Amino acid sequence: MDLSLSPKDEAFRQEVRAFFQEEYPQAILAKIANGQTLTKADMRAGEQAMAARGWLAPAWPREYGGPGWTVTQRFIFDEELERAGAPGVSPMGLLYVAPVIYTFGTEDQKRRWLPDILASRVFWAQGYSEPEAGSDLASLRTRAVRDGDHYVIDGEKIWTSDAHHAEWIFCLVRTSDEAKKQAGITFLCLPMDTPGVEVKPIITIDGGHHLNRVTFTGARTPIENRIGEEGMGWTYARHLLAHERTSYAHVAAKRRQIGALLDASKDAPWGDVLGPDGSAAFRRKLAEVDLQLQGLEMTTLRALAPLASGEAPGDEASIIKIAATETAQAVTELFLELAGPYAQPFFADRRASDWRGNLGDIPAFAAPSVASYFFTRAQTIYGGATEIQKNIIARQLGL
């Protein structure tokens, strides 16, 4: 595999790097560097800065507003975004539902939904997981019944990321009971302010509000908000999940975290990278994680290769999902180990710029790092649990 960049690609890298240094909202980068929690307004401002350059949807086809970049350029852009410390885009609209809309949606749906997603005017939520139907998504029970030219939806979704910020939600719902549980599932969209839709917050162990329970009680959505054919939702969901799982790699962000880990070791009370126990064990663990990261990068480049010919990622995306989430957890575990006895203030309210003022002598890296550790525990569960991904890989191998 030739990983060298052409002069054109290297020039592109410098252009993207200059954008994040000069045009991207620096206040957002400063907030992240300070360990602060971003608001919805922050997310929208960052996305709209990229949209102004036509860079918000690198993977979209040019005909729908994408920049027409090569796979290499898209990889470079993601690297530079993460190198700058900028937040990733809100994925539900841009990365997940948009490819379903422009691949399987009607022309009217494309005109209605894609421009608002591309301009970051509308945020979306993903209504997939349910109580007792998380990793076994095909067992979902939220039901939609036809009533004239509408569907009436009853049921609930759980672990719904950023539903409290979303204006729209796309859902998998059961419209018939077929012998095979993957059949009879339909892909529906509806506004979050639809009567009968209620959002209840779930406060996670890191002290943050990222997740929600969404209940549907007689919520109605017109048939024109159905994507594709009735009963074909599972097919569209598989297309979406392949895109979702390749988006987990975040190699540059993890490399930045390792750099931050080295910097944090200088601020730790014990003062160097040997760690709290004074031995070389911490240094060895850091080297092992760095090797994991190099392996993840190579795997990601191989899995993204089909995109160069316009194909969707295949089941190889499951390998990325496992490697990326396990590496992310390994990095945050090192932060936790480095914090030692100071690994307690994960409940700190980090919305204000002076949030560190109440922490006393606790090292600056401890609170956000411990919060990240707790949040990252979920990565091997959401988006398809590791056990499910291993089953997919085993089927590919004929086991």
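See above for the structure.
All of these numbers come straight from a predicted model, not from anything done at the bench.

Trainee: In this structure, what is going on with the overall build of the protein? I would like to understand it.
Mentor: If you tally the helices and strands in the protein, you get 12 helices and eight strands. Split into buried and exposed, the 399 residues of the protein put 47% on the buried side. When contacts within the protein are restricted to residue pairs at least 6 apart in sequence, those whose partners lie at least 24 apart make up 73%. Only carbon and sulfur atoms are counted for the fraction: they give 53% of the accessible area of the protein, which is about 18400 Å².

Trainee: Can you help me understand the packing of helix α1 (residues 7-22) against helix α4 (residues 71-84) in this one?
Mentor: Running from N to C, α1 and α4 point in directions that differ by 35°, and their axes come no closer than 9 Å. In the packing of α1 onto α4, the handedness of the crossing is right-handed. Only Thr-72, Gln-73, Ile-76, Phe-77, Glu-79, Glu-80, Leu-81, Arg-83 and Ala-84 of α4 make contact with α1, whose side of the interface consists of Asp-9, Phe-12, Arg-13, Val-16, Arg-17 and Phe-20. For the contact of α1 with α4, the residue count by class is seven nonpolar, two polar and six charged.

Trainee: Would you mind showing me how to read unusual backbone geometry here?
Mentor: Outside of glycine, negative phi angles account for most residues, and trans bonds account for most peptide bonds. Despite not being glycine, Ser-120 has its phi angle at roughly 55°, a positive value. Note on placement: Ser-120 falls in the loop between α6 (107-118) and β1 (124-127). Phi at His-250 takes a positive value of approximately 50°, unusual for a residue other than glycine. Considering the arrangement of structural elements, one finds His-250 in the loop between α7 (233-246) and α8 (251-267).

Trainee: What exactly am I supposed to notice about the pattern of salt bridges here?
Mentor: A side chain of one charge can pair with a side chain of the opposite charge when the charged atoms of the two come close. Scanning the entire structure with this criterion turns up 21 salt bridges. The salt bridge partner of Lys-31 is Asp-42, with a shortest N-O separation of 2.8 Å. Here Asp-42 lies in helix α3 (residues 40-52) and Lys-31 lies in helix α2 (residues 26-33), a separation of 11 residues in the sequence. Relative accessible area serves as the criterion here: at 13%, Asp-42 is assigned to the buried category. Across the salt bridge formed by Glu-337 and Lys-285, the nearest N and O atoms sit 3.0 Å from each other. With Glu-337 in helix α10 (residues 317-339) and Lys-285 in helix α9 (residues 281-304), the pair connects residues that are 52 residues apart, well separated along the chain.

Trainee: Hey, could you run me through the nonpolar core in this one?
Mentor: Among the nonpolar cores identified, the biggest contains 46 residues, and Phe-20, Tyr-24, Met-50, Trp-124, Phe-170 and Phe-187 are the most heavily contacted of them. When residues of this core are assigned to their parent elements, the largest contribution, eight residues, is made by helix α5 (residues 91-104). Ignoring any residue separated from it by four or fewer positions in sequence, one finds Phe-20 in contact with Gln-26, Leu-29, Met-50, Phe-77, Glu-80, Leu-81, Ala-84 and Ala-86. Core analysis: the second largest hydrophobic core is formed by 21 residues, Ala-264, Leu-296, Val-331 and Leu-334 among them.

Trainee: Any chance you could explain the packing of α10 against helix α12 (residues 386-396) here in plain terms?
Mentor: Axes are the key here: two packed helices are described by the angle between their axes and the distance separating the axes. At a minimum axis separation of 9 Å, α10 and α12 run at an interaxial angle of 145°. The two elements α10 and α12 cross, and the hand of that crossing is left-handed. In this structure, α10 uses Ser-318, Ile-319, Lys-321, Ile-322, Thr-325 and Glu-326 to contact α12, whose residues at the interface are Thr-386, Gln-389, Lys-390, Ile-392 and Ile-393. Along the lines of polarity and charge, the residues of the contact of α10 with α12 split into four nonpolar, four polar and three charged.

Trainee: Whenever I open this one, the side chain of Thr-332 confuses me. Can you help?
Mentor: Here Thr-332 shows up in helix α10. According to the relative accessible area criterion, Thr-332 is buried, its value standing at 2%. A distance of 2.9 Å separates a polar side-chain atom of Thr-332 from the backbone oxygen of Gln-329. The residues touching Thr-332, leaving out its near neighbours within four places in the chain, are Gln-257, Ser-372, Tyr-373, Thr-376 and Arg-377.

Trainee: Got a minute to help me understand empty space enclosed by the protein in this structure?
Mentor: Which parts of space are left empty comes out when a probe the size of a water molecule is rolled across the atoms. Enumeration according to the criterion identifies one cavity of 30 Å³ or more in this entry. By volume, the largest cavity amounts to about 50 Å³. Around the largest cavity sit Glu-47, Ser-90, Gly-93, Leu-94, Ile-117, Ser-120, Val-122, Phe-123 and Trp-124, which together line it. Residue classes in the lining of the largest cavity are distributed as five nonpolar, three polar and one charged.

The rules behind these values
Residues numbered from 1 in each chain as written. Predicted model: local features only at pLDDT ≥ 70, side-chain atom pairs only at ≥ 80, totals over all residues. Heavy atoms only, no water. Helix = DSSP H or I, 4+ residues; strand = E, 2+ residues; numbered from the N terminus. Buried < 20%, exposed > 50% of the residue type's maximum accessible area, 1.4 Å probe, protein only. Contact = heavy atoms within 4.5 Å. Areas by Shrake-Rupley, 256 points an atom, 1.4 Å probe, with all protein chains shown as cover. Axes fitted to C-alpha atoms, helices over the stretch in contact; angles between N-to-C directions. Left-handed = near helix turned anticlockwise from the far one by under 90°. Nonpolar A, V, L, I, M, F, W, Y, C, P; charged D, E, K, R; others polar. Salt bridge = Lys/Arg side-chain N within 4 Å of Asp/Glu carboxyl O. Core = buried A, V, L, I, M, F, W, Y, C linked by side-chain atoms within 4.5 Å. Polar contact = N/O pair within 3.5 Å; in protein donor to acceptor, adjacent residues only side chain to side chain. 1 Å grid on protein atoms, 1.4 Å probe; cavity = no way out; pocket = protein on both sides within 12 Å on 5 of 7 lines; lining within 4 Å. Points joined across faces, edges and corners; volume = space filled by probe spheres on them.

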